[in-house]
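An overview of the molecular structure
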Amino acid sequence: MVERTAVRGVLFRGPELLLLASRHGDYKFPGGGVEPGESFESALRREFREECAYDAVAVGAELATTREEVPAIDAEYDVFGMTSYYFECSGGTPADDQQLEGYEAELELTPQWVTVDTALAANRGVMESGVGVMRWLARETVVLEWLSARSC
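Presented here is an overview of the structure given in this document. (Residues numbered from 1 in each chain as written. Predicted model: local features only at pLDDT ≥ 70, side-chain atom pairs only at ≥ 80, totals over all residues. Heavy atoms only, no water.)

1. Things to note about the pattern of salt bridges
- If you walk through the whole model with that rule in mind, you get 12 salt bridges.
- Between Glu50 and Arg46 there is a salt bridge, with the nearest N and O atoms lying 3.4 Å from each other. Here Glu50 and its partner Arg46 are both found in helix 1 (residues 40-52), four residues apart, which amounts to about one turn of the helix.
- Its relative accessible area of 19% is what places Glu50 among the buried residues.
- Given the relative accessible area of 23%, Arg46 is considered partly exposed.
- Between Asp55 and Arg49 there is a salt bridge whose closest N-O contact spans 3.6 Å.
- Residue class for Asp55 comes out partly exposed when judged on its relative accessible area of 30%.
- In this structure, a network of salt bridges that share partners links the residues Glu38, Arg46, Glu47 and Glu50. (Salt bridge = Lys/Arg side-chain N within 4 Å of Asp/Glu carboxyl O. Helix = DSSP H or I, 4+ residues; strand = E, 2+ residues; numbered from the N terminus. Buried < 20%, exposed > 50% of the residue type's maximum accessible area, 1.4 Å probe, protein only.)

This is the structure in structure tokens:
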């Protein structure tokens, strides 16, 4: 098994949440893997900068944690395990351009301000169609459902 630790940001502006829309129509939270020696806070700030072109994001309290264990694609190991920590974030200012990794650019990830219900409906639709990246779609949908129930 290979293990990965990731951080993800929950940044609201009024009723809207800053998420990354993919070319499939689904949404994911900004964030990604924590590099060796990197704090959760600095990793999340780096991810906001790279994925959303957003600087000076304040990282607050941990809101949720998810755990995934899926069959590995790589022959070097059997299972890919990832723990994702979701943090409440605030502030931030638009910066220059996104700095997307190859797969992120291929998915045309674009930062968008949307309501939780809009993102949730979009993710459910993409899950039903089977065209999105199911690897993160289920995880992100669970957290959106939790946020939706929390706001009621």
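2. Quick word on the packing of aromatic side chains
- According to the stated counting rule, one finds five aromatic pairs in the structure shown.
- Considering the side-chain rings of Phe40 and Phe87, the 6.0 Å spacing of their centres and the 70° angle between planes classify their relative orientation as edge-to-face. Taken as a pair, Phe40 in helix 1 and Phe87 in strand 6 (residues 79-94) lie far apart in primary sequence, 47 residues in all.
- Overall, the relative accessible area of 9% leaves Phe87 in the buried class.
- A ring pair is formed by Tyr54 and Trp113, whose centres lie 6.3 Å apart and whose planes are at 65°; its orientation type is edge-to-face. Within this pair, whereas Tyr54 is found in strand 5 (residues 54-71), its partner Trp113 is found in strand 7 (residues 110-115), the two being separated by 59 residues in sequence.
- Members of the aromatic cluster, joined through ring pairs, are Phe40, Tyr85 and Phe87.
- One residue, Arg13, lies across the ring of Trp113, its end atom 4.2 Å from the ring centre.
- The ring of Trp136 has Lys28 sitting right over it, with the charged end atom 5.2 Å from the ring centre. (Phe/Tyr/Trp six-rings, centres within 6.5 Å; stacked < 30°, edge-to-face > 60°. Lys NZ or Arg CZ within 6 Å of the ring centre and 35° of its normal.)

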